[in-house]
Amino acid sequence: MKKRILLATAIVAAAAVTLANAQATLPKTHLKVVGGLSNLTAYNDFEKPFWTQVVPKLSNGQVTAEIKGFNEMGLKGPEVLRLMSQGVIEFGTATLSYFASDNPINEAVDLAGLVPDAKTARAVVDSFAPVYARFYGAGTGIKLLGLSPYPAQVLFCNAPMKGLADLKGKKVRTSSRTQAEFVDAMGGSSVTMAFGEVVPAMQNKVVDCAITGSLSGYHAKWYEVSTHLLELPINWNPQIHAVNQKAWDKLDPKVQTFLESNIKAMINNMWDGAAAQTQEGYDCNTGAAACKQAVKGKMVLVKSTDADRALLKKVMQETVLPKWAARCSADCVRDFNTHIGKIVGLTAKK
């Protein structure tokens, strides 16, 4: 994976030679960035190298940045956009579902069971990006820069599991409202819990299962406290990349153009890596030969069946989507149907 990312970075650099040569006229600019969770691959393989290596290189040293994950700053995530709108944070990244309680529109692209694969997930996110650009626009103090994925959010269980139906009666850690509604509809009990609390909770049987990115769970060593991994994307947990509008307006227009172009390239790399990272998570948690990591887990990979996929879609259509539509505005539902519904063949009803 490291080699793939370095290659992708090299391709971006090569493609931007003309741009980089033109950057000698960029004014000296130093940026402060609050990134996503610092212990996950989205941060370590993409965000951090982008801001600390790629940006200085492509700007001939004219634009530099310092970055820390929001968790390294003592933040929990849901406060990132509020602090950004206030100007406390300049550039920032956070999981979109953190802001579902502020407005259900933040869940629109990532309802549990909505999209089965990375390609469809990107099509859905790209189609809805103009809606988010308007929502996080005038009057919010925030400018949207893009949306990127984590690896597929999947089920890790410390209990025997043959398929999705086995969630019934189990306590499941969830990280968003839509995941919780999905689990409850399956006959399980959703438990809201921070990512860092999952390992001891699994060890002590506080929860039987937990949902997170396949590779994220590997790097957090969930394979040490869980036995079964279901190969079925529940959702993709997109991240929002944004900047305080006043901080952005103070930047030289040439710096703005430079950043927008290259942030787009970083996000493209993250989407390109989503499917591969998902598979790497499956391989490394279960000890498959394809895993190139030094440490391999010994989990049982539970292959999803047509019945699993049909059940996930049924729960989404009959429970998750209607509940979301009931709490979102009429305009929000209309935008969903106009942009997302056409891609996935669904219609939300208010």
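Everything below is about the structure shown above.
The present account deals with the structure reproduced in this document. (Residues numbered from 1 in each chain as written. Predicted model: local features only at pLDDT ≥ 70, side-chain atom pairs only at ≥ 80, totals over all residues. Heavy atoms only, no water.)

1. Here's the deal with the packing of aromatic side chains
Scanning the model with the defined rule gives 11 aromatic pairs in all. Arranged with centres 5.0 Å apart and planes meeting at 80°, the rings of phenylalanine 128 and tyrosine 132 form a pair that is edge-to-face. With phenylalanine 128 and tyrosine 132 both in helix H5 (residues 118-135) and 4 residues apart, the pair spans about one turn of that helix. Looking at tyrosine 132, the relative accessible area reads 0%, which means it is buried. With a centroid separation of 4.8 Å and an interplanar angle of 85°, the aromatic rings of phenylalanine 135 and tyrosine 136 are classed as edge-to-face. An aromatic cluster is built from Phe50, Trp51, Phe91 and Trp248, whose rings are joined through pairwise contacts. (Phe/Tyr/Trp six-rings, centres within 6.5 Å; stacked < 30°, edge-to-face > 60°. Helix = DSSP H or I, 4+ residues; strand = E, 2+ residues; numbered from the N terminus. Buried < 20%, exposed > 50% of the residue type's maximum accessible area, 1.4 Å probe, protein only.)

2. Focus: the pattern of salt bridges
One pass over the structure, following the stated rule, counts 11 salt bridges. Between lysine 314 and glutamate 318 there is a salt bridge; the shortest N-O distance is 3.0 Å. Of this pair, lysine 314 and glutamate 318 both sit in helix H11 (residues 306-327), 4 residues apart, which is roughly one turn of the helix. Classification of glutamate 318 as exposed rests on a relative accessible area of 51%. Across the pair arginine 334 and aspartate 335 runs a salt bridge whose closest N-O atoms are separated by 3.8 Å. Exposure remark for arginine 334: the relative accessible area of 45% places this residue in the partly exposed category. With relative accessibility at 11%, the residue aspartate 335 sits in the buried group. Each member of the salt-bridge network shares a partner with another, and the members are Glu107, Arg177, Glu181 and Arg327. (Salt bridge = Lys/Arg side-chain N within 4 Å of Asp/Glu carboxyl O.)

3. Notes on helix H3 (residues 41-58)
For H3, the principal kink sits at phenylalanine 50 and spans about 55°. Burial analysis of H3 places 13 of its 18 residues in the buried class, which makes it a mostly covered element. Once H3 finishes, asparagine 60 follows within two positions and takes phi at roughly 55°, a positive value. (Bend = angle between axes of the 7 residues up to and from the residue.)

4. Focus on the pairing of strand E6 (residues 171-174)
For E6 and strand E7 (residues 189-192), the ladder comprises 4 bridges, and the chain directions are parallel. Looking at the pairing, threonine 174 lines up with threonine 192 of E7. Tracing the backbone out of E6, into helix H6 (residues 177-185) and back to the parallel element E7 gives a crossover that is right-handed. Taken together, the 2 bridges between E6 and strand E8 (residues 209-213) define a ladder with parallel strand orientation. Across the sheet, residue arginine 173 finds its bridge partner in E8, namely alanine 210. (Pairing = 2+ DSSP bridges. Right-handed = clockwise from strand over helix to strand, strands pointing away.)

5. Details of the sheet that holds strand E10 (residues 239-244)
Within a sheet, adjacent strands bond to each other through the backbone by hydrogen bonds, running parallel or antiparallel. Across the sheet, which stays open at both edges, the 5 strands sit in the order E2-E1-E3-E10-E4 with mixed pairing between neighbours. Each edge of the sheet is formed by a strand with only one pairing partner; in this case those strands are strand E2 (63-69) and strand E4 (142-148). Geometrically, the sheet is characterised by an average inter-axis angle of 20° between neighbouring strands, direction not taken into account. With 6 bridges connecting them, E4 and E10 associate as antiparallel partners. What sits directly across from isoleucine 142, in E10, is asparagine 244. (Axes fitted to C-alpha atoms, helices over the stretch in contact; angles between N-to-C directions.)

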